[in-house]
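As a plain string of letters, each chain reads:
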Amino acid sequence: ELIRTKHLADDNFISLQILGAVILGFGIWILVDKTSFIAVLQSSSHSINVGSYILIAIGGVTMVMGFLGCVGAVNEIRCLLALYFIFLLIILIAQVAVGVFIYFQRDQLKNEMSTIIDELIVTYNPEDNVNSNAEITWDYIQHTLQCCGWKGYQNWTKNPSVSNHTDTFPCSCVQNSNSSYGFCNATASNLYQSGCENQVESWLKDNLGIILGVCVAVAVIELMGLILSMCLCRKIQNEDYTKVPKY
């Protein structure tokens, strides 16, 4: 039974190493990605950068803990298994705490996101190249999701280039436009009428099942790791080596 538990624990520790690598890769992707909605927030919000570094740290620690768990299981080293159990428990508690924080602060996070997008729209200027990565990304989002502004195309009237001309709007807002960057001649009737806030919320709702499924799978793997490491520690402690035949 001890050998069977060790095999199960080894499989779980390897799964945790893979999970750690995925979390590490996701954190790095947030830092370097320039073509998604994350890039808009990452260039304007310090908290996104901090969150990416936290993900990188969690991913690295998870990989190290998975390796130590494998070593502890193979060599029956209880201190490594105990260390693995403690760190994995801390990571699991931290993840639950972050999930609860995001749930209760969702309205504040939504307002912060709205503020970031409004600032980006007001300062949007393809000619100055000051915030070109975020501007290109936002244009890509508007063009791909077929939306305009955050609440609606009226948000763009706060931009000086748009407010000073009655027939100028971002090309990414114009229906059937061949260009998705910079300004184009257009009227309000030619623009996408819905705001990107609704489109982003719709995307999140459509993919909510996948997001929750991934979170549950991660929690199950971590819980299995906690249970298996604890069981293995107890079996190693209770193993009666006096019954081993002597030669």
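Note that the coordinates shown come from a computational prediction; the quantities given were computed from them, not determined experimentally.

K.L.:
Even after reading the chapter, I still don't get the overall build of the protein chain, so can you show me in this structure?
P.N.:
Scanning the protein chain from terminus to terminus reveals nine helices and two strands. Surface accessibility of the protein chain: about 14400 Å² in total, with carbon and sulfur atoms responsible for 64%.

K.L.:
I'm lost on helix α4 (residues 78-104) in this one. Help?
P.N.:
Think of an α-helix as turning once every 3.6 residues; residues three or four places apart then point the same way. The end-to-end C-alpha separation of α4 is 39 Å, in line with the 39 Å expected for 27 residues at 1.5 Å each. Those residues of α4 that sit buried are Leu 80, Leu 81, Tyr 84, Leu 88, Ile 91 and Leu 92.

K.L.:
Would you mind going over the UniProt feature "transmembrane region" (unreviewed entry) in the protein chain with me for this structure?
P.N.:
The residues that UniProt annotates with the feature "transmembrane region" (unreviewed entry) are residues 12-32, 52-74, 81-104 and 208-233. When the span residues 81-104 is considered, its composition is 100% helix and 0% strand, and the gap between its end C-alpha atoms is 35 Å.

K.L.:
Would you take a moment to explain the pattern of salt bridges for this structure?
P.N.:
Side-chain pairs of opposite charge can arise whenever the charged atoms involved come near each other. In the structure shown here, the tally under the stated rule is one salt bridge. Lys 151 is the salt-bridge partner of Glu 197, the closest N and O atoms lying 2.9 Å from each other. Highlighted residues: Glu 197 in helix α8 (residues 196-206) and Lys 151 in the loop between α6 (132-145) and α7 (160-163), separated in sequence by 46 residues. Taking relative accessible area as the criterion, Lys 151 reaches 54% and is therefore assigned exposed.

The rules behind the values
- Residues numbered from 1 in each chain as written.
- Predicted model: local features only at pLDDT ≥ 70, side-chain atom pairs only at ≥ 80, totals over all residues.
- Heavy atoms only, no water.
- Helix = DSSP H or I, 4+ residues; strand = E, 2+ residues; numbered from the N terminus.
- Areas by Shrake-Rupley, 256 points an atom, 1.4 Å probe, with all protein chains shown as cover.
- Expected span 1.5 Å × (residues − 1).
- Buried < 20%, exposed > 50% of the residue type's maximum accessible area, 1.4 Å probe, protein only.
- UniProt positions renumbered as here; feature names shortened; annotations may be inferred.
- Salt bridge = Lys/Arg side-chain N within 4 Å of Asp/Glu carboxyl O.

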